[in-house]
Each structure stands twice: as C-alpha cells, then as structure tokens.
Amino acid sequence: MESIFHEKQEGSLCAQHCLNNLLQGEYFSPVELSSIAHQLDEEERMRMAEGGVTSEDYRTFLQQPSGNMDDSGFFSIQVISNALKVWGLELILFNSPEYQRLRIDPINERSFICNYKEHWFTVRKLGKQWFNLNSLLTGPELISDTYLALFLAQLQQEGYSIFVVKGDLPDCEADQLLQMIRVQQMHRPKLIGEELAQLKEQRAQKTDLERVLEANDGSAMLDEDEEDLQRALALSRQEIDMEDEEADLRRAIQLSMQGSSRSISQDIPQTSGTNLTSEELRKRREAYFEKQQQQQQQQQQQDPLGHLSHPCERPATSSGARGSDPELSLYGGVTERRCLLLLHILYLATQRMVGRLAASAPPESFSEMRSFRPHLLAQDLRF
C-alpha cells in the first residue's frame, strides 16, 4: 500500500488529484490545468466569433463565466480529457451505446474516472488488483474483482458519470510491485471528514474523561478526609469509654474500701479519748478474732449433730461476733452485698474492655479474660 501514489483532497482540486492518482505521480498542477482551461475558453470564443462579434450570442458568451474552470479549483471534463491526450489517453463514457456494444468486462479494463456533480476520482488496476483512489479517502481502498462490477453499478445508481480510460498508462513503481505480490487490507479507509469528526469526538471524550477524573480525585480526597475524621472520632470515643470504665472501677473500689473500713471500725472496740499505736491496734484485732473463733468452737460443741447434718451450711455466729448487721461475713467485716456489687461492676467493666480491645488484638490473647466468671468467685465468698 505504501508504494501506491495517493493524493488527498485539498480545496476543490479534485480534478488534479484524479489525474495524478490515475497516472501515479505529480504530473499536473493547478497552473497547468488552468492553462488548458484558458486555451479551451479561447477556442470556444473564436468559434462564437465566427457568427459575428456584434451578435447577441457572442456578447452573451463574453458576459458568462468560464465553463471549464472556476475560482474554487474545479475543472471540467474537457480539461481532464485534453490533459490525458498529452499521454495518448482518451475517455469513453461507460454507459454509452458504443461502449455497451463492445460488451467488455470491467475487469479487463485498466482504469475508470468517475464524476458526480463537481467531484472527480479514479478507480485503477495496479498489478492484478483494483483500487479506489478517491482523494476524499484517507488511503487507497482495495476492490475485489467480484465486487468491481457491483461497485460501478452502485455508482451509476447514485448518479455518477463513469468514463473508461483507453490507452497505455505510464509505468509506475506500484504497478510493477503489485504484479509480483498481492496485498490484503484488514480495515477499509475512512472518509477524511469522517476521520476528522472521529478525532474531534475522541478529543471531546478525552476532555470529558479528564474532567470526570479531576472531579473524582477531588471527591476522593474529601472521602479520605471524612474517613480520617470518622476514625479519629471513633478512637476518641473509645478512649473516653475506657476512661469512663476506669473511673467506674476506681469508684467501685473506693466504695468497697469505705464500706470495709466502716464495718471493721464498728466491730472493733473503740477507745475513746486514747490514741493507740499500731502495735496495740494489731493486738486488739488479734484478740477480737480469737474471741470470734472461741465463740464458734463453743457453738459447734453445743450443737455437734446439727453441724454434721448440714456440712455445707455456713457456721452460725453470735450476734456479738457479727454485730447488729446479719449480712457481715468473716472476711474482714466486708458485707456480702458490697462484695457482689463490686464483682458485678468489675464484670461489666471487664466485658466492655474486652469488647473494645478484641478488634485490634488476636482473640487468643483474651482467652483467659473471657473465661472470667464473677458468679463463681461470688460463691467462694459465700463460703
């Protein structure tokens, strides 16, 4: 395909492109074709002058523009025909009675020139294959032998005038190369206007895509900032909850210690108006606990059968040993109700802390904490 000469459309110089694509080279320029057109105009003027320069027809002819060319670059079939005569070539109308009587198969011809309104283009055989060398295409279009007759018939239905080029075309590199090899075309060439429209559409789509990407980048940054803010708030709430749990735990321990100190102070005999030393206070407490043990032994000796019949019951204590509060235990005067309250608060706090930490630590590290059972410890405190 690279060896095929193919001029693309420039302005309205389709006649020039048609001739050069037919001859496979830059054989004609707009200046040379304009010279041929002026020569034809002069020949027509001379023929009109034969009827008299003062005649009305001659004056009308002079006032009319040239029929062989115009300012846009269009050239008539007469200009193209005269340009081909330089190379010994002539044009015959494809659907004329003279040519139809010859019954020549289009495949056996060498080239055709097609015209519709003011557009000209060439269909030529190079080597053993046919090519549409229309200057409005982005490149040569391969035409199969079986499709050539259908292609020409379709052009005639669309209103094209088709001319058969008779004579020997000048030698060209593409014709010699394609005599030895055959080419294959995977994609048909597009019209130049269609390609430009597609390029514009691609640019517009690219611009829209860039705008969307920029907008997405901005929204993505906002989403990331929002996610960071949400994570910070969650961490702050977690820290606040942990601080609240620690505060609740400290308050529970403080309350239990206050209750224990009050119970002990109520059961231990007080010495008013005397400041005891630590050694005296220790001795008094030992005496107090020895007295309690003696009372328990005496009660067991008085009722040994009841003690044996109910081995799981807690030993009864005298009112003097426990004081006036029946809920006092033997563990330092701390009430059983307060111990259960403390254990319940510890259980709730532990469960909340385990739930908070489970998301950021492996489960096996909390196996011992999850096995904590405060009600078992409560049973131990109940003897």
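The structure we're discussing is the one just above.
Residues numbered from 1 in each chain as written. Predicted model: local features only at pLDDT ≥ 70, side-chain atom pairs only at ≥ 80, totals over all residues. Heavy atoms only, no water.

### What about the pattern of salt bridges?
Applying the stated criterion across every chain yields a total of four salt bridges. Between Arg 188 and Glu 141 there is a salt bridge, and its shortest N-O distance comes to 2.4 Å. You can see Arg 188 sitting in the loop between α7 (173-178) and α8 (192-267) and its partner Glu 141 sitting in strand β5 (residues 141-143), a full 47 residues away along the chain. For Glu 141, a relative accessible area of 8% gives the class buried. (Salt bridge = Lys/Arg side-chain N within 4 Å of Asp/Glu carboxyl O. Helix = DSSP H or I, 4+ residues; strand = E, 2+ residues; numbered from the N terminus. Buried < 20%, exposed > 50% of the residue type's maximum accessible area, 1.4 Å probe, protein only.)

### A word on the nonpolar core
In terms of nonpolar packing, the biggest core is built from 26 residues, with Leu 33, Phe 75, Ile 80, Leu 84, Ile 113 and Trp 120 touching the most fellow members. Mapped by element, the contributors of at least two residues to this core are α1 (14-23), α2 (30-49), α4 (77-85) and β6 (161-166). Per-element accounting of this core gives the leading share, six residues, to α1. Listed in part, the 15 residues of the second largest apolar core include Cys 114, Phe 121, Leu 152 and Leu 155. (Core = buried A, V, L, I, M, F, W, Y, C linked by side-chain atoms within 4.5 Å.)

### Section: the environment of Thr 122
Position of Thr 122 relative to the elements: it lies in strand β3 (residues 119-126). Among the residues examined, Thr 122 registers a relative accessible area of 0% and is labelled buried. Excluding its chain neighbours within four sequence positions, the residues that come into contact with Thr 122 are Cys 18, Leu 22, Phe 112, Ile 113, Phe 131, Asn 132, Leu 133 and Asn 134. Looking at Thr 122, its side chain comes within polar contact range of the main-chain oxygen of Cys 18, at 2.8 Å. (Contact = heavy atoms within 4.5 Å. Polar contact = N/O pair within 3.5 Å; in protein donor to acceptor, adjacent residues only side chain to side chain.)

### Quick word on the sheet that holds β3
Read from one edge of the open sheet, six strands run β1-β6-β2-β3-β4-β5, paired in antiparallel fashion. Lying at the two open borders of the sheet, with one neighbouring strand each, are β1 (90-93) and β5. Within the sheet, the average angular offset between the axes of one strand and its neighbour, ignoring direction, is 30 degrees. Two strands pair when backbone bridges link them, and β3 and strand β4 (residues 129-132) are joined in this way by four bridges, in the antiparallel orientation. Residue pairing for β4: Arg 124 is matched across the bridge by Phe 131. Strands β2 (111-116), β3 and β6 of the sheet are contacted by α1, whose axis makes an angle of about 5 degrees with β3. α4 rests against β1, β2, β3 and β6 of the sheet, and its axis sits at about 135 degrees to β1. (Pairing = 2+ DSSP bridges. Axes fitted to C-alpha atoms, helices over the stretch in contact; angles between N-to-C directions.)

### Remarks on a nonpolar patch on the surface
Residues Leu 177, Met 180 and Ile 181 make up a contiguous nonpolar surface patch of about 300 Å² in total accessible area. Looking at Ile 181, the relative accessible area reads 42%, which means it is partly exposed. (Patch = residues over 30% accessible without salt bridge, like charges linked within 9 Å, V, L, I, M, F, W, Y side chains within 5 Å. Areas by Shrake-Rupley, 256 points an atom, 1.4 Å probe, with all protein chains shown as cover.)

### Looking at the packing of aromatic side chains
Each aromatic ring pair is described using two quantities: the centre-to-centre distance and the angle formed by the ring planes. All told, the structure shown has eight aromatic pairs when counted by the stated rule. Counting every residue linked through ring pairs, the aromatic cluster contains Phe 94, Tyr 99, Phe 112 and Trp 130. (Phe/Tyr/Trp six-rings, centres within 6.5 Å; stacked < 30°, edge-to-face > 60°.)

### Here's the deal with unusual backbone geometry
The backbone of Arg 103 sits at a positive phi, close to 50 degrees, despite the residue not being glycine. Tracing the chain through its elements places Arg 103 in the loop between α5 (97-102) and β2. Under the relative-accessibility criterion, Arg 103 is labelled exposed at 77%. Positive phi, close to 55 degrees, is recorded for Lys 117, a residue that is not glycine. Relative to the helices and strands, Lys 117 resides in the loop between β2 and β3. The exposed category is assigned to Lys 117, whose relative accessible area is 64%.

### Quick look at the environment of Glu 7
Note that Glu 7 resides in the segment before α1. Measuring from C-alpha to C-alpha, the distance between Glu 7 and Asn 134 comes to 8.5 Å, with 127 residues separating the pair along the chain. Beyond its immediate sequence surroundings of up to four residues, Glu 7 is in contact with Gln 16, His 17, Asn 20, Asn 21, Glu 26 and Ser 135. Polar contacts involving the side chain of Glu 7 include one to the side chain of His 17, which spans 2.8 Å. Of note is the side chain of Glu 7, whose polar atom sits 3.1 Å from the side chain of Asn 20.

Distances and angles like these do not, on their own, reveal function.
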